[in-house]
Amino acid sequence: MSETADARQTVRHATDDPSTDDDSIECRFVQDLAAPFALAAVETHERLLIEQHILFCASCARVVRQFRSSAALLGLTNPVATPSPKAKAALFARINEASRTQSQLRPATAYSDFTESMRTLTLPASRPNPSPAPSPAQPATRRFSPSWLRLPRPAWEIGTFAAPLATVPLLLALGIVGLWAINTRVELNDRIAEVQQLSAQVDSLNSQVAALNESLESMDRFVAAADAKTYVMTPSAAAGSSGAYGQVIANPNTDQAMLMVWRLSGSNPRYDVVLETHQGTIEPAGELVVNAEGKGVTVLDLDRPFAMYRSVHVKPQLQDSTAGTSDTISRADALFAVIDPNLGSTDDTDGILMQSP
Amino acid sequence: MSADVDAERGVDQTAASDAELIARASEGDARALETLYDRYARVVYSFALRIVGDPQVAEELMQEVFFRAWQQGRAFRSSRGSFITWLLSITHNLSIDELRKRRRRPQRAENNHEEDQPLLSDMPDESQNIEEEVWLTTLRERIAKALETLPPAQREAIELAYFQGLTQREVAERLGEPLGTIKTRMRLGMQKLREQLGDELGELVERAEDEVDERE
């Protein structure tokens, strides 16, 4: 079976699935790139778009996950090698270090110090009570103590229980403080875990923002750049696409361009995009997939700066993928544009993305 | 948690499922992570080595993979795939990033470490769980066979991207083919591979589901 026929079958598989009836152009774009994405073979801006899209599109997420699972298994097709024992030791030393750092971030140390100091507290009752030596200069004074006031002396000494009894409120207080400290510690641990999670999320968002900025910068290269130009694509009646229209936006000095089309024949969703150089050679620039309404958008990756080309052609793909370059040339254009630095419009291109298909 | 404590509690780490072990490891059980390491370190290392081609870098990557698995164990959902595919995905991402970083940096000398690689495919390792080892070997053979059934052009496109870290555009340049052709080859190849590996993937999913059932 030819590759093109296989491709159609693949697309049909995807569209036969009722869960993938979302025919948005973004879904088509994502599912078209799902396999290269799983192989980590897409460009940064494509990867970013796919990662964002599958966060909200369950059917595309499933397609991507399926390809990813298959791709991951390829990792098993290697001759088995064994790492050195010191690698294991180094890993667990690192993990121990990380665990220790994490535990140091928690209030455990402060709590330990606190309890340690509590442990070393000397209770008043247990303190040695050095009896001051009576000053020899001052004779001991005798207190007045009438005999009727004198209580019979019990057989036990009150002092025997006074010290332990005095410690009871103190121990109760210590118990309350201890419970409070334990609760506080648990709460603090929870807070720390939350903060760590939030911190990880912030890191992840930062990296996404950085990737997004990188992607936007690359888009700016050919869309929002001051010297970006727009070239209108003309339909070809011969290819039955007289109602079609499109435009190419490019900075003539870069090797990327954006192609947008509307109302191409949706019966054949796949088109080849080729460019002709000033020397007359034809160079393929990728594939354009349109939806049922004939809308499509793609970024053209070129082999040389855009200004080196004379024209852009959009041609319907043939059933037989073995067709060579000469067949591509002879195929009628669905759309084409002549690239002439004097013809391209330098109107503000910043708003063009807003009306893209 | 020490092995002694595990023994006291009657926890047999080697019999525990991957999902159970990663759950325990993410809660700080270093022994559980060690069991996972013993199960999959060679698989992860071999894969990283295949991509970066440098044993020292491959060991560093392997350490990073397990470190991240320990840190992000809570993110693993066995209902969405098996532990081994999750681990291999982390390995692939890290290895390809490293490969691309190295390509961007000026290289001092081109070292070919292939001859230095300690290939152990024929050497039994008695420290491994025999059942796991047999299962992995069988799985490896089935996947290699499935890959062999692909048309050479599709297999080449997939291998250049997956193991050599080339983007689809770079693959197109390398092979002198239009980008659209390369995209198609990758898609069809992966589609066929998925059809071929249907049973193996199903088995892995079943294993993961069994592990979930066992845990519940």
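This part covers the sheet that holds strand β3 (residues 256–262) of chain A. The 8 strands lie next to each other as β5-β4-β7-β8-β1-β2-β3-β6 (chain A), forming an open sheet whose pairing is antiparallel. The sheet is open, and its two edges are formed by β5 (282–289) and β6 (296–301) of chain A, each paired on a single side. Taken pair by pair, the neighbouring strands of this sheet meet at an average axis angle of 20°, ignoring direction. The sheet contact formed by β3 of chain A and β6 of chain A spans 6 bridges and is antiparallel. Paired with Ala 257 of chain A across the bridge in β6 of chain A is Leu 300 of chain A. Helix α9 (residues 179–196) of chain B rests against β4 (270–277), β5 and β6 of chain A of the sheet, and its axis sits at about 45° to β5 of chain A.

A separate point is the packing of helix α7 (residues 152–164) of chain B against α9 of chain B. For any two helices packed against each other, the geometry comes down to the angle between their axes and how far apart the axes lie. All names here are of chain B. Across the interface, α7 lies against α9 with an axial gap of 8 Å and an inter-helix angle of 100°. Here α7 lies roughly perpendicular to α9, going by the angle between them. Contact residues: α7 offers Ala 153, Gln 154, Ala 157, Ile 158 and Ala 161, while α9 offers Arg 185, Met 186, Leu 188, Gly 189, Met 190 and Lys 192. Class assignment of the residues belonging to the contact of α7 with α9 gives a composition of 7 nonpolar, 2 polar and 2 charged.

With that settled, the discussion passes to the environment of Ile 249 of chain A. Residues and elements named next belong to chain A. Mapped onto the elements of the fold, Ile 249 is located in strand β2 (residues 245–250). The exposure class assigned to Ile 249 is buried, which follows from its relative accessible area of 0%. Taking the C-alpha atoms as reference points, Ile 249 and Met 260, separated by 11 residues in sequence, lie 8.5 Å from one another.

Our focus in this paragraph is a nonpolar patch on the surface. A cluster of nonpolar side chains, namely Leu 165, Val 168 and Leu 172 of chain A, defines an oily patch on the protein surface of about 300 Å² accessible area. Since its relative accessible area comes to 56%, Leu 172 of chain A is described here as exposed.

What counts, and at which threshold
Residue numbers restart at each chain and count upward from 1, following the sequence in its written direction. For naming, the first written chain is A and the first written ligand is 1, with later ones following in the order written. Residues qualify for local features only when their pLDDT is at least 70, as the model is predicted, and side-chain atom pairs are given and counted only at 80 or more; totals for whole chains, interfaces and linings, by contrast, use all residues. Where side-chain values are given, they derive from all heavy atoms of the structure, hydrogens and water being excluded. The pairing criterion for strands is at least two bridges between them, as found by DSSP. In this description a helix means any DSSP run of H or I spanning at least four residues, a strand means any run of E spanning at least two, and both kinds are numbered starting from the N terminus. Angles here are taken between N-to-C directions and fall from 0 to 180 degrees, while the axes themselves are lines fitted to C-alpha atoms, restricted in helices to the stretch in contact. The contact criterion used throughout is that any non-hydrogen atoms of two residues lie within 4.5 Å. Roughly parallel refers to an angle under 35 degrees, roughly antiparallel to one over 145, roughly perpendicular to one between 65 and 115, and oblique to any angle outside these ranges. In this count, Pro and Cys sit with the nonpolar residues alongside Ala, Val, Leu, Ile, Met, Phe, Trp and Tyr, while Asp, Glu, Lys and Arg are called charged and the others, Gly among them, polar. Each residue is placed in one exposure class: buried if its accessible area under a 1.4 Å probe, protein chains only, is under 20% of its type's maximum, exposed if it is over 50%, and partly exposed if it falls in between. Residues with no salt bridge and a relative accessible area higher than 30% make up the patches, which join like charges within 9 Å and nonpolar side chains (Val, Leu, Ile, Met, Phe, Trp, Tyr) within 5 Å. Using the Shrake-Rupley algorithm and a 1.4 Å probe, accessible areas are obtained, with residue cover drawn only from the displayed protein chains. When a carboxyl oxygen of Asp or Glu is within 4 Å of a side-chain nitrogen of Lys or Arg, the pair counts as a salt bridge.

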